[in-house]
Structures are given as structure tokens and as C-alpha cells.
Amino acid sequence: MASRIVLGGLIAAWGLTLAGCGVGDPGSNRAGAASLEPLQADPERLRGYVHFLADDATEGREAGTRGYDLAAAFVASQFAALGLAPGGDNGSWLQAVPLLRATRQREGAEFSVARDEDAVTFEFQTDFLPGVNYQQSSWRLSAPMVFVGQAVVAPEFDHDDLAGVDLRGKIAVVLSGAPETFPNDPRAFYSHSREKQRLLAERGAVGVIYVGDPVREAKSPWARGAANWARPSMRLRDADGVPLDIQPTLLGTASLNVAAAERLFDGAAMNADEVFERLEAGTLKAFDLVGTASLAGTSELIPMLSHNVVARLP
């Protein structure tokens with residue numbers, strides 16, 4: 001017998017939508033299959049759902065935590081109340097999702113640039129934050145740097161920030177986002193760090209430095225985001241335990257505060273102010289930066305399991 005699968009995803013609050021539905025009369029469907037028919041919204045019931053899922057007892061519902069498990073159990077109970085059947089692993093409501101959790105450490109973090117006899121050192125949290133290498137808990141690299149604009153290659157818009165750029169063995173210095181002239185959906189796609197990293201790794205880069213810009217900094221101050229530096233990040237793991245959506249040849253990454261960008265671009269073909277002006281004008285060009293950057297980072301890597309909540313409507 002065919003079934004419909006109803007999924008309450010890693011964000012357990014997805015169950016709110018389904019909890020506002022009831023199982024319809026199979027006889028009302030001319031194809032003979034059961035269906036989910038929307039019920040009139042019940043504000044008090046919805047308020048109750050939100051009250052539970054947003055309560056401190058669910059601890060923010062972060063994947064792999066006790067609070068998430070409580071929220072998942074609540075969603076499963078609502079599926080059961082609707083008359084749905086378990087659709088998860090081994091006849092349960094839950095489908096295992098293997099994850100790798102990475103928690104950044106202050107110890108071992110480094111970002112400096114050597115120029116002749118001088119060295120520029122950036123401060124952890126104040127100036128920069130190291131990225132996570134999901135393949136190893138500690139990483140380190142030193143390499144020359146090349147600025148590559150926003151690292152966007154979009155043939156359909158006749159745009160290529162990486163044309164003619166030699167990235168082999170170098171650290172790419174990248175601005176966030178994608179050109180303002182792009183439509184919303186393509187702009188979101190090309191803005192994503194995973195797409196940028198894929199393009200850079202394919203061209204031989206060994207690391208990435210993300211630089212903020214004044215417009216984004218005004219909307220989301222560096223200090224506010226950097227204060228959460230110890231919050232874990234996660235990647236899915238495959239059946240062999242290997243993290244997904246990573247670029248193995250990228251040895252390390254870092255993010256740099258816009259206020260520190262002036263020191264990074266010092267002595268190059270353009271200073272930071274010129275770079276930001278060209279960003280606004282849409283006329284960014286790639287160029288080499290002066291000096292060799294040394295980056296390092298350390299993270300605690302812990303394999304873990306979380307769960308989707310899955311129901312089946314026969």
C-alpha cells in the first residue's frame with residue numbers, strides 16, 4: 001500500500017504546521033487514498049505548542065541535546081495524536097542523523113602576516129575568528145594571499161571573479177555576498193560559503209580569509225557575532241563517518257573584522273577603502289596581497305547523533 005511520508009525535520013518546530021492538521025476521511029478522496037485536511041486554526045492550541053517548544057526546558061532545541069530530544073518526542077506525540085503511523089528507523093518515530101559537532105577553541109588560534117622584517121598580528125575575537133577544519137582538530141598553514149573579490153563565478157550573468165587568477169597554493173581573500181545586480185535566488189546561491197569554497201578549492205586554493213565590509217558590519221556588528229565564537233557548528237556524516245559538504249584541500253579558514261582589513265591590505269595595489277568603494281560600484285578586481293599569512297585553529301570534534309521525526313500516512 002502506498003504511503004505518504006510526513007517529516008518533522010531537524011528543526012523540531014516544523015511539527016507545528018502538521019499539528020494544525022487532522023486526518024481526513026479516506027472516503028472523501030476520489031482516488032481512495034487518505035489525505036491530510038487542514039483544520040481551522042485554534043489559537044489556544046497553537047499557543048500551547050509554542051509555549052512548550054520555546055520553553056527553557058527544551059534548551060533552544062539544538063541538535064543532539066536533551067532539549068532537542070524533548071522537542072522531538074513532543075512532535076512524535078502530535079503525529080501519533082493525528083492518527084499517523086511511525087515512519088522512522090525500526091518502526092519508531094525517529095530517523096537517525098549522524099553529525100560531527102565542532103566547537104572552536106581559543107587556544108591555538110592564530111592569524112598573522114609576515115612582510116619582510118615586520119609581522120602584523122591579529123587578535124582572537126577582536127580582529128578575527130578561525131574557521132573549523134572538520135577533518136582534524138588542529139590545523140595550521142602559511143601561504144601567500146590573493147584577493148578575489150566575492151569569489152563569484154556566474155556564467156549566466158557573464159560574471160567571473162576568478163578569471164585569470166592563479167590560486168594554486170595560495171590563501172584566497174574573499175568578501176561576503178554576491179553582486180547586488182543578481183536576482184534574489186541566484187544571489188543567495190552564489191553568496192553561500194560552501195559554493196565559494198568549492199570554486200576556490202577546484203582552483204587550488206589552500207585556505208580562505210573572509211573579510212567583512214562596512215555595509216554588512218553596520219547591519220550585523222562584528223562584536224555581536226564574535227561573542228558567540230564558542231557556539232558549536234555541525235556537519236552531516238556519511239555511512240563511513242566522513243563529514244559531508246567540506247573541501248578536503250582547504251586546510252583552514254578565518255574571518256576578519258572589517259576594522260582590521262586596513263592592516264591586511266596594507267601595501268597592496270588597493271587599500272581597504274578602495275576595495276569597499278569598488279564593492280559598492282560593482283568593479284572589484286583580483287590582485288595579490290603583500291606578505292605571507294599564517295593561520296591556525298583548534299576545535300573539539302565530537303561525533304554525535306540527532307534525529308528527524310518521521311510519520312507515515314498509509
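Not measured: the values here are computed from a predicted model.

A. Summary view of the overall build of the protein chain. Looking only at helices and strands, the protein chain features nine helices and 15 strands. Burial analysis of the protein chain (314 residues in total) assigns 43% to the buried set. When contacts within the protein chain are restricted to residue pairs at least 6 apart in sequence, long-range pairs at least 24 apart make up 76% of them. A total of about 16400 Å² of accessible surface is found on the protein chain, and carbon and sulfur atoms cover 51% of it.

B. Quick look at the nonpolar core. Within the largest apolar cluster, 39 residues are counted, with the highest numbers of intra-cluster contacts made by Phe111, Ile209, Leu264 and Phe265. The biggest single contributor to this core is strand 8 (residues 138-147), with five residues. With residues near it in sequence (within four places) discarded, isoleucine 209 still touches Phe111, Met145, Ile171, Ala172, Val173, Val174, Ala254, Leu256, Leu264, Ala293 and Leu295. Val174, Leu200, Ala201 and Val208 belong to the second-largest nonpolar core, a separate cluster that totals 16 residues.

C. Looking closely at the confidence of the model for the protein chain. Confidence in the prediction of the protein chain, expressed as mean pLDDT, is 88, and 87% of residues score 70 or more. A low-confidence stretch, residues 9-34 stays under pLDDT 50, and its non-local contacts, those more than four residues away or across chains, total 53 contacts.

D. View of a negative patch on the surface. Taken together, the side chains of Glu262, Asp266, Asp273, Glu274 and Glu277 present a region of like negative charge at the surface. Sorting elements by how many residues they give to the negative patch places helix 9 (residues 272-281) first, with three residues. As for its placement among the helices and strands, glutamate 262 is situated in helix 8 (residues 261-264). Overall, the relative accessible area of 60% leaves glutamate 262 in the exposed class.

E. Region of the structure containing helix 3 (residues 66-81). Taking 1.5 Å of rise per residue, the 16 residues of helix 3 would be expected to cover 22 Å, and the 23 Å separating its terminal C-alpha atoms lies within 8% of that figure. Among the residues making up helix 3, those that are buried are Gly67, Tyr68, Ala71, Ala72, Phe74, Val75, Ala76, Gln78 and Phe79. Where helix 3 terminates, the next one or two residues include glycine 83, which has phi positive at roughly 90 degrees.

F. Inspection of the pattern of salt bridges at higher detail. Tallied over the full model, the rule gives 13 salt bridges. Put simply, aspartate 288 and lysine 170 hold a salt bridge, and the shortest N to O gap is 3.9 Å. With a gap of 118 residues between them, aspartate 288 in strand 15 (residues 287-313) and lysine 170 in the loop between strand 10 (159-160) and strand 11 (171-175) connect regions that are remote in the sequence. Within the structure, one salt-bridge network assembled from shared partners comprises Glu195, Arg198, Glu202 and Arg203.

G. Summary view of helix 9. Along helix 9, the residues that are buried comprise Ala272, Val275, Phe276 and Leu279. With its buried residues spanning 95 degrees around the axis, helix 9 presents them on a single face. Exposed residues pointing more than 90 degrees away from the buried face of helix 9 are listed as Asp273, Glu277 and Ala281. Buried residues in helix 9 make contact with strand 8, strand 11, helix 6 (214-219), helix 8 and strand 15. With a side-chain oxygen positioned 3.1 Å from the backbone nitrogen of aspartate 273, the residue opening helix 9 is asparagine 271. Backbone geometry just downstream of helix 9 places glycine 282 in the positive-phi region, at approximately 75 degrees.

H. Spotlight on the packing of helix 4 (residues 184-191) against helix 5 (residues 193-202). In contact at an axis separation of 5 Å, helix 4 and helix 5 are set at 60 degrees when each is read in the N-to-C sense. Considering their axes alone, helix 4 and helix 5 lie oblique with respect to each other. Where helix 4 approaches helix 5, its residues Phe189, Tyr190 and Ser191 are matched on the opposing element by Ser193, Glu195 and Lys196.

I. Geometry of the environment of leucine 82. As for its position among the elements, leucine 82 is in the loop between helix 3 and strand 4 (85-86). Of the residues examined, leucine 82 reaches a relative accessible area of 15% and is grouped as buried. Residues leucine 82 and leucine 313, 231 residues apart in the sequence, show an inter-C-alpha distance of 9.8 Å.

J. Highlighting the side chain of threonine 58. The topology assignment puts threonine 58 in the loop between helix 2 (43-53) and helix 3. Accessibility expressed as a relative area gives 1% for threonine 58, which makes it buried. Once residues within four sequence positions are removed from consideration, threonine 58 is found in contact with Phe52, Leu53, Gly67 and Tyr68.

K. Region of the structure containing the environment of aspartate 166. Structurally, the position occupied by aspartate 166 is in the loop between strand 10 and strand 11. The exposure class of aspartate 166 is partly exposed, given its relative accessible area of 35%. As for aspartate 166 and glycine 204, which are separated by 38 residues in sequence, their C-alpha atoms are 8.2 Å apart. A polar atom in the side chain of aspartate 166 sits 3.0 Å from the side chain of arginine 168.

Each value, and the rule that gives it
Residues numbered from 1 in each chain as written. Predicted model: local features only at pLDDT ≥ 70, side-chain atom pairs only at ≥ 80, totals over all residues. Heavy atoms only, no water. Helix = DSSP H or I, 4+ residues; strand = E, 2+ residues; numbered from the N terminus. Buried < 20%, exposed > 50% of the residue type's maximum accessible area, 1.4 Å probe, protein only. Contact = heavy atoms within 4.5 Å. Areas by Shrake-Rupley, 256 points an atom, 1.4 Å probe, with all protein chains shown as cover. Core = buried A, V, L, I, M, F, W, Y, C linked by side-chain atoms within 4.5 Å. pLDDT = per-residue confidence, 0-100. Patch = residues over 30% accessible without salt bridge, like charges linked within 9 Å, V, L, I, M, F, W, Y side chains within 5 Å. Salt bridge = Lys/Arg side-chain N within 4 Å of Asp/Glu carboxyl O. Lys, Arg positive; Asp, Glu negative; His and termini not counted. Charge placed at Lys NZ, Arg CZ, Asp CG, Glu CD. Expected span 1.5 Å × (residues − 1). Arc of directions from axis to C-beta. Polar contact = N/O pair within 3.5 Å; in protein donor to acceptor, adjacent residues only side chain to side chain. Axes fitted to C-alpha atoms, helices over the stretch in contact; angles between N-to-C directions. Parallel < 35°, antiparallel > 145°, perpendicular 65-115°, else oblique.

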